[in-house]
Amino acid sequence: MLGVMVDVSDAETTSTANATFRELSTLQSFAKKLLESGTVKMVIGYSQGYTSDRAMPAFITDPEKASSLIFDKRCFHNLTMYLKTAEIKCAGKIAIVVKGCDAKALNVLLLENQIKRENLVILGLVCIGVGDPTLEKCRICNVNTPPIYDELFGKPVPNKEWTSATFTRVKELEGKSQKELWEFWVNEFNRCIKCYACREVCPICTCTRCITDKNQPQWVPTSPHSMGNFHWNLTRAFHLAGRCIGCDECERSCPADIPLSLVNWKLIKQVFEKYGFIAGMSPDDLPPMSTYVEGEEEEFIK
Amino acid sequence: MARIGVFICHCGENIARTVDVVSVTEVARTWPGVVYAEDYRFCCSDPGQSIIRDAIKEHNLTGLVISACSPKMHEKTFRNLAKASGMNPYLCECSNIREQCSWVHHDKEVGTEKAIDLVRMMVEKVRMNHPLEPIEAPVTKRVLVVGAGIAGIQASLDLAEAGLEVVLVERNPSIGGHMAQLSETFPTLDCSMCILSPKMSAVKEHPDIKLLTYSEVEKVEGFIGNYTVSIRKKPRYVIEDLCVGCNECVTHCVFKKPKFPDEFNEGLGKRKPVYIPFPQATPQGAFIDPETCLQLTTGKCKQTCVTACPKDCIDFEMVEEIEEVEVGAIILATGFGTYKPELLPQYGYGKLDNVYTSLQMERMLSSSGPTEGEILLKDGTAPKTVGIIHCAGSRDENANIWCSKVCCMYSLKLAHLIQEFSEAQVFNFYIDIRAAGKGYEEFYLKVIEENVMVLRGRPALIEYEEQGNNGKGNLLVHTEDTISGTKLVVPVDMVVLSLGFEPDKDAVQLAKTFNISRSPEGFFMERHVKLAPVATTTDGVYIVGGCQGPKDIPETVAQASAAAASVLGILSKDKLIREPTVARVNELNCIGCFQCEKVCPYSAIEHKEIRDHDGNLIREVALVNDSLCHGCGPCAAICPSKCIDVDGITEEQIYSQLAVL
Amino acid sequence: MAEFKPKAIAFICNWCTYTGADLAGTSRMEYPADFRIIKVPCTGRIDAEFIIKGFEQGADGIWISGCHIGDCHYQSGNYFAQRRWSIFHDELEFLGIDTRRLKYTWISASEGRKFADEATEFVERLKELGPYEDFDQIIPKIEESGASVGGDG
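The rules behind each value
Residues numbered from 1 in each chain as written. Chains lettered and ligands numbered in written order. Predicted model: local features only at pLDDT ≥ 70, side-chain atom pairs only at ≥ 80, totals over all residues. Heavy atoms only, no water. Helix = DSSP H or I, 4+ residues; strand = E, 2+ residues; numbered from the N terminus. Buried < 20%, exposed > 50% of the residue type's maximum accessible area, 1.4 Å probe, protein only. Contact = heavy atoms within 4.5 Å. Areas by Shrake-Rupley, 256 points an atom, 1.4 Å probe, with all protein chains shown as cover. Rg over C-alpha atoms; globule rule 2.2 N^0.38 Å. Disulfide = S-S within 2.5 Å. 1 Å grid on protein atoms, 1.4 Å probe; cavity = no way out; pocket = protein on both sides within 12 Å on 5 of 7 lines; lining within 4 Å. Points joined across faces, edges and corners; volume = space filled by probe spheres on them. Nonpolar A, V, L, I, M, F, W, Y, C, P; charged D, E, K, R; others polar. Buried area = accessible area lost by both parts, 1.4 Å probe. Salt bridge = Lys/Arg side-chain N within 4 Å of Asp/Glu carboxyl O. Polar contact = N/O pair within 3.5 Å; in protein donor to acceptor, adjacent residues only side chain to side chain. Expected span 1.5 Å × (residues − 1). Core = buried A, V, L, I, M, F, W, Y, C linked by side-chain atoms within 4.5 Å. Pairing = 2+ DSSP bridges. Axes fitted to C-alpha atoms, helices over the stretch in contact; angles between N-to-C directions. pLDDT = per-residue confidence, 0-100. Domains from an automatic or database assignment.

Trainee: For this particular structure, what's the right way to read the overall build of chain B?
Mentor: Along chain B, the regular secondary structure elements total 18 helices and 34 strands. Relative to its 661 residues, chain B shows a buried fraction of 57%. Within chain B, contacts between residues separated by at least 24 positions form 68% of all contacts whose residues are at least 6 apart in sequence. Counting every atom, chain B has about 27,800 Å² of accessible surface; 51% of that belongs to carbon and sulfur.

Here's what the structure looks like:
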């Protein structure tokens, strides 16, 4: 609260973004129409942040404010996380601006009955990457064109296919010995302060009562000691198996800089390599943890 | 505050030999919440039970741990005791210090230490138990019997006579099974068909038995008292209800002569594509084999059968049908297979002439068989000598290791019949004669007196005697006489291989369909080898006859009636009591992601709508349908916020067991 | 020095492996006593929490066993279990857990011999690996942190 508050209207919206999104005005006028016609009660999108280098979420209900929507490299947030909040859940029909990766989360939420399709207008953006420098998740993005949308803004580009080469970061770590990995993760998790920002920001951590908040029995020790931290991060990983869409918001929001995305991308990699499954590509595909193929047998089980 | 009673059973010396039961009891007394601990020689005995009963009442127990044998053995006993003593039965648990402790460890110190842990874990579990009330489920008073050999026939008749509806499914075109193929039966030598065919007609005629032949069970869903079974009825191409078995179609088939190996006669005779499987076939109608019928394989046939039929029974348009039936219990009487003689190359079956299987010999001896009861060599002459080789494919490390139980007796019976109906001298080559059974040893002695030669030793090789045309001639049986310790070569004209029992070729699939286990050798597995020999681990599913293991006719019939009695016991009630160990949902915290629904094998998870006072939908939560839930728990494992849990094995109960380790 | 006695936990299903273990008992097959069985209805019931908690309780190894694929008493519980373990096993390995301390088997009700053999193999393996010290290091010591294991808050 010590810094100088920057007047939003004065901020140079494009100063930190490399390029302005060409379809921005189309998006703004579409959003305006949605609000004017009463089709939706609210549009969730990005707007200029309090400092020039930041964008922030906008919850627009006034059609005239639709022109404040922006989209550029600063818009790395996954806005779908707001769909799990009670306020948005009771807001009626809304529109939401999504990049491809965010749209994956919508598919998971639809699959898991957390949002109603009829209450949602999905404003999909063709996105070729956000962040400066471009984020890792964008480097390996397979959904430049969102897998689900009602209205698409931007010219669709063909989506890249994943291969096992996609997971280079995970693979680097996989090469380490068990002891090295143990040391590595204990050191990383040791910094955890159990603030649960990872959980709060995660669009698919939808439980209203997290397992950590359950104390009969208390599976996850709540104290931020090494064991409690390790347990929490293991538990969170397991709950995301076949569900995590790889938006990396947990890592971005972690105040302790724990490389949480590595934990998740390992899951994403295994699920992809073993079952050819990518979470969030469709609202109908059953995740591999919820289905099986008759007759399949794992060799590691004797 | 918990008031837990702990009882440590000595099981005579079974437990006490390796577990210091007194120390375990003493240690148990020190645990918090344990208000009473005692050891006793036999907890399951009457005096043992009365000590427990008194303790429950006197100490006002809220939990009971019986440390004794496996819960599979006496959990019910002790839960019933708890109930009778005024305690909710689900507050009683058994810790297994016999099968999983004293019987597998020899060191008393080790055994005692482990027993203390096992008892402690169960005390901690019981601390978390809460009273459960049994769930009532409706009962469908109808029974499915699968397989219509003597086992299935007997069970169906018993059940129908007791007033239950029966659906009897047989995969072959006629009922009768293996027994219908037999000539005469040991030891009394009644004609097999003479005692079977009245039962076959009784099945057909009984108003409460619905007979579905040439049909197979496709799918089974549900649980005891409430199974839904899909049955695939394959087309016979002859309308069963119209056909009177006049044989006109068979006579007028475009195949003037029978051309295809006759399955019922074990390939000894030939049949046409349209045929009546055997004279007493039930239903007594013709049947068209889709594999060999010209019309059905090529679509090009003059269809002379259709024109010949006086009642328009033949319908080539007939298609497969799926029939769904609701039943309360299931009896599997799916029979057995016999060892494949080709796997015994040393005996030359299929390569040497005049080597037959025992079932082929049964057919040959049958007056309605391919030779009308005459024993004939391939060239049409009568054999002068016949060798019968016992244990072909049985009691053999290179084949099946088990004894098939009936081969000794049927081999002796065949020897008797062959000597009675022909001039031939019979040699029986045996390893041991196993003639245990009422009148069996006497039968053996009688056959010996009839001058049947018995030679103790397993033949090593059968070959042609090198003389006569093309090297063919008599067969030589190379064997040894282990009594005199000499090698022998016995020349015979004909050889009969007494093949052992094997699991039916469809046993693997059947076990899957009916969700039952198989024993190591592949027969269906009973719930308890001694005390529940016809039940399976799936409630409401019973196994009888050859599908459970090798056995003779009297034993099969006894099993069939035993299973029928068990089924009657279940279906005589109007409501079934189901174990209340089912999943339940914490509706307050459930977010309705329905991951549980996706992993539920029984579709027991339903959607419940939570609405406000004005009727507006607030949210959906999971709801467990008690009558479908089996309490297996994948739902609980996948629920991220642990809002679904399984009574009887709650996460608290698991946690508390872990926490004391 | 006294021989290392491993501390291990086995989560086994009620229908197949538990019955198999009973059969090993009725057949008087001897095996080491260094693990404790927790019976669950089905392998599908086994939650990753059980495993993590097991290690936190100081287990040197954890064994999970159920019905063979296709033989599940509950039709498909072990299929789900299999997939879960497959992914979890890889994840645990990635996070530095010594996965040699995890054992997975399918043991049917008739495989008493297999149960005894696998039990022996399991304990032998743990003896060879020695005490699992990694987890010990992160378990909070009451005198140091004031926190108790498990249900703190």
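Still more to cover.
Trainee: Would you mind going over the overall build of chain C with me for this structure?
Mentor: Check the secondary structure of chain C and you find 6 helices and 4 strands. For chain C, the succession of helices and strands along the chain, N to C, is β-α-β-α-β-α-β-α-α-α. Against the compact-globule benchmark of 15 Å for 153 residues, chain C has a radius of gyration of 16 Å, which places it among compact chains. C-alpha atoms of chain C, sized along the principal axes, occupy 50 × 40 × 25 Å. Here chain C holds 153 residues, and 71% of them are scored as buried. In chain C, the share of contacts with a sequence separation of at least 24, taken over all contacts with a separation of at least 6, comes to 80%.

Trainee: Quick question: what am I supposed to make of the state of the cysteines here?
Mentor: Note on terminology: a disulfide is the covalent bond linking the sulfur atoms of two cysteines. Tallied over the full model, the rule gives 2 disulfides over all chains. In this model C191 of chain B forms its disulfide with C194 of chain B; the gap between the sulfur atoms is 2.3 Å. When the S-S torsion is 90°, as for the bridge of C191 of chain B with C194 of chain B, the disulfide is right-handed. Sulfur-sulfur distance for the disulfide between C16 of chain C and C67 of chain C comes to 2.4 Å. Here the S-S torsion is close to 100°, and the disulfide linking C16 of chain C with C67 of chain C is therefore right-handed. Placement of the pair is C16 of chain C in the loop between β1 (8-13) and α1 (17-26) and C67 of chain C in the loop between β3 (61-66) and α3 (77-94), with a sequence separation of 51 residues.

Trainee: Explanation requested: empty space enclosed by the protein in the structure shown.
Mentor: In the structure shown here, the tally under the stated rule is 14 cavities of 30 Å³ or more. Estimates place the volume of the largest cavity at around 210 Å³. Put simply, the parts of the chain that give the lining of the largest cavity at least two residues each are α8 (226-240) of chain A, α17 (634-638) of chain B together with α2 (48-56) and α3 of chain C. No other element matches α8 of chain A, which puts 3 residues into the lining of the largest cavity. Here the lining of the largest cavity is built from residues that sort into 9 nonpolar, 4 polar and 5 charged.

Trainee: What is the right way to look at the interface of chain A and chain C in this model?
Mentor: By a frequent convention, interface size equals the accessible area lost on bringing the separate parts together. Contacts between the two partners involve 50 residues from chain A, matched on the other side by 44 residues from chain C. A per-residue breakdown of the area chain A buries against chain C is headed by W182, M227 and F238 of chain A, which together make up 18% of the total. Across the contact surface, chain A and chain C share 3 salt bridges. Residue K274 of chain A pairs with D90 of chain C through a salt bridge whose shortest N-O separation is 2.6 Å. Our enumeration of links across chain A and chain C arrives at 22 residue pairs in polar contact (both at pLDDT 80 or more). Secondary-structure elements contributing two or more residues to the side of chain A that touches chain C are α5 (168-174), α6 (178-190), α8 and α10 (260-275) of chain A. The greatest single-element share of the side of chain A that touches chain C, amounting to 9 residues, is contributed by α8 of chain A. In the side of chain A that touches chain C, the residues fall into 28 nonpolar, 13 polar and 9 charged.

Trainee: How should the interface of chain C and chain B be read in this particular structure?
Mentor: With 48 residues of chain C in contact, the opposing surface of chain B contributes 48 residues. Taking both partners together, chain C and chain B bury about 4,100 Å²; carbon and sulfur atoms supply 58% of that area. The largest per-residue losses of area from chain C upon contact with chain B belong to R36, R45 and Y74 of chain C, which jointly make up 17% of the total buried on that side. The tally of links between chain C and chain B comes to 4 salt bridges. Note that R36 of chain C and D117 of chain B form a salt bridge whose closest N and O atoms lie 2.7 Å from each other. On inspection of chain C and its partner chain B, the count reaches 20 residue pairs in polar contact (both at pLDDT 80 or more).

Trainee: Is there a simple way to explain unusual backbone geometry in this structure?
Mentor: Glycine aside, the phi torsion of most residues is negative, and most peptide linkages are trans. Here the bond from D132 of chain A into P133 of chain A is cis, since omega is 0°, no more than 30 degrees from zero. The peptide bond linking F186 of chain B to P187 of chain B adopts the cis configuration, its omega dihedral lying at -10°. Within the secondary structure layout, P187 of chain B lies in the loop between β8 (184-185) and β9 (190-191). Even without being glycine, C391 of chain B reaches a positive phi, approximately 55°.

Trainee: Before we go on, may I ask you to explain helix α5 (residues 108-127) of chain B in this structure?
Mentor: Residues separated by three or four positions in an α-helix point in the same direction, a consequence of the helix having 3.6 residues per turn. Along its 20 residues, α5 of chain B runs 28 Å from first to last C-alpha, staying within 8% of the 28 Å computed at 1.5 Å per residue. At the N-terminal end of α5 of chain B, a side-chain oxygen is found 2.8 Å from the backbone nitrogen of E109 of chain B, two or three residues along, and the residue is D107 of chain B.

Trainee: So what exactly am I meant to see when it comes to the nonpolar core here?
Mentor: Across soluble globular proteins, nonpolar side chains have a tendency to be buried as a group. L83, W185 and F230 of chain A together with V6, L64 and I66 of chain B are the most contacted members of the largest nonpolar core, which totals 200 residues. Every residue in contact with F230 of chain A, bar those within four places of it in the chain, is listed here: W182, W185, V186 and F189 of chain A together with L95, I97 and I138 of chain C. Of all hydrophobic cores here, the second largest spans 42 residues; its members include V143, V166, I331 and A564 of chain B.

Trainee: Honestly, the pattern of salt bridges in this entry has me stumped. Any pointers?
Mentor: Close approach of charged atoms allows side chains with opposite charge to pair. According to the stated counting rule, one finds 62 salt bridges over all chains in the structure shown. Across the salt bridge formed by E188 of chain A and R191 of chain A, the nearest N and O atoms sit 2.5 Å from each other. On the basis of relative accessible area, E188 of chain A is assigned to the buried category, the value being 14%. When its relative accessible area of 36% is taken as the criterion, R191 of chain A is described as partly exposed. The salt bridge partner of E165 of chain B is R142 of chain B, with a shortest N-O separation of 2.9 Å. Within this pair, whereas E165 of chain B is found in strand β7 (residues 165-169), its partner R142 of chain B is found in strand β6 (residues 142-146), the two being separated by 23 residues in sequence. Assessed through its relative accessible area of 39%, E165 of chain B is described here as partly exposed. On the accessibility criterion, R142 of chain B (23% relative accessible area) is partly exposed. Bridged by salt links that share partners, the residues E174, K266, K269 and E273 of chain A form one connected network.

Trainee: Help me out: how do you make sense of the sheet that holds strand β17 (residues 321-327) of chain B in this one?
Mentor: Hydrogen bonds along the backbone pair up the strands of a sheet, which may run parallel or antiparallel. All names here are of chain B. If you trace the 3 strands from one edge of the open sheet to the other, you get β11-β12-β17, paired in antiparallel fashion. Sheet topology places β11 (215-223) and β17 at the edges, where each strand pairs with a single neighbour. Each strand of the sheet is rotated relative to its neighbour by a mean of 20°, with strand direction disregarded. Where β11 meets strand β12 (residues 226-233), 8 bridges bridge the pair, whose relative direction is antiparallel. Along β12, the bridge assignment pairs G222 with Y227.

Trainee: So what exactly am I meant to see when it comes to the side chain of N265 of chain B here?
Mentor: All names here are of chain B. Along the chain, N265 turns up in the loop between β13 (260-261) and β14 (270-271). A relative accessible area of 8% places N265 in the buried class. Among the polar contacts listed, one links the side chain of N265 to the side chain of D262, at a separation of 3.0 Å. Ignoring anything within four residues of it in the chain, the contact list for N265 reads R363, G369 and P370.

Trainee: Would you take a moment to explain the environment of V254 of chain B for this structure?
Mentor: Residues and elements named next belong to chain B. Topologically, V254 is positioned in the loop between α8 (248-251) and β13. For V254, a relative accessible area of 27% puts it in the partly exposed group. It is 49 Å that separates the C-alpha atoms of V254 and T479, two residues lying 225 residues apart in sequence. Those residues in contact with V254 that sit more than four places away from it in its chain are L294, C301, K302 and T304.

Trainee: Teacher, can you tell me more about the confidence of the model for chain C here?
Mentor: Do not read the predicted coordinates in detail wherever pLDDT is low. Chain-level statistics for chain C give a pLDDT mean of 90 and a share of 92% at 70 or above. Interface predicted TM-score (ipTM) for the complex: 0.92; the corresponding pTM is 0.73.

Trainee: In this structure, what is going on with the domain arrangement of chain B? I would like to understand it.
Mentor: Residue and element names in this part refer to chain B. Annotation of chain B at the domain level lists domain 1 (4-127), domain 2 (141-229 + 323-335 + 522-578), domain 3 (248-308), domain 4 (337-502) and domain 5 (583-659). Each of domain 2 and domain 3 has a C-alpha centre, and these two points are 29 Å apart. With 11 residues of domain 2 in contact, the opposing surface of domain 3 contributes 11 residues. Both sides of the domain 2 and domain 3 interface together cover about 960 Å² of buried area, and 70% of this is carbon and sulfur. For the pair domain 2 and domain 3, the interface holds 0 salt bridges. Put simply, domain 2 and domain 3 have 4 residue pairs in polar contact (both at pLDDT 80 or more) between them. Among the elements that take part in the side of domain 2 that touches domain 3, helix α7 (residues 192-205) stands out by supplying 3 residues, more than any other. Taken together, the residues of the side of domain 2 that touches domain 3 break down into 7 nonpolar, 3 polar and 1 charged.

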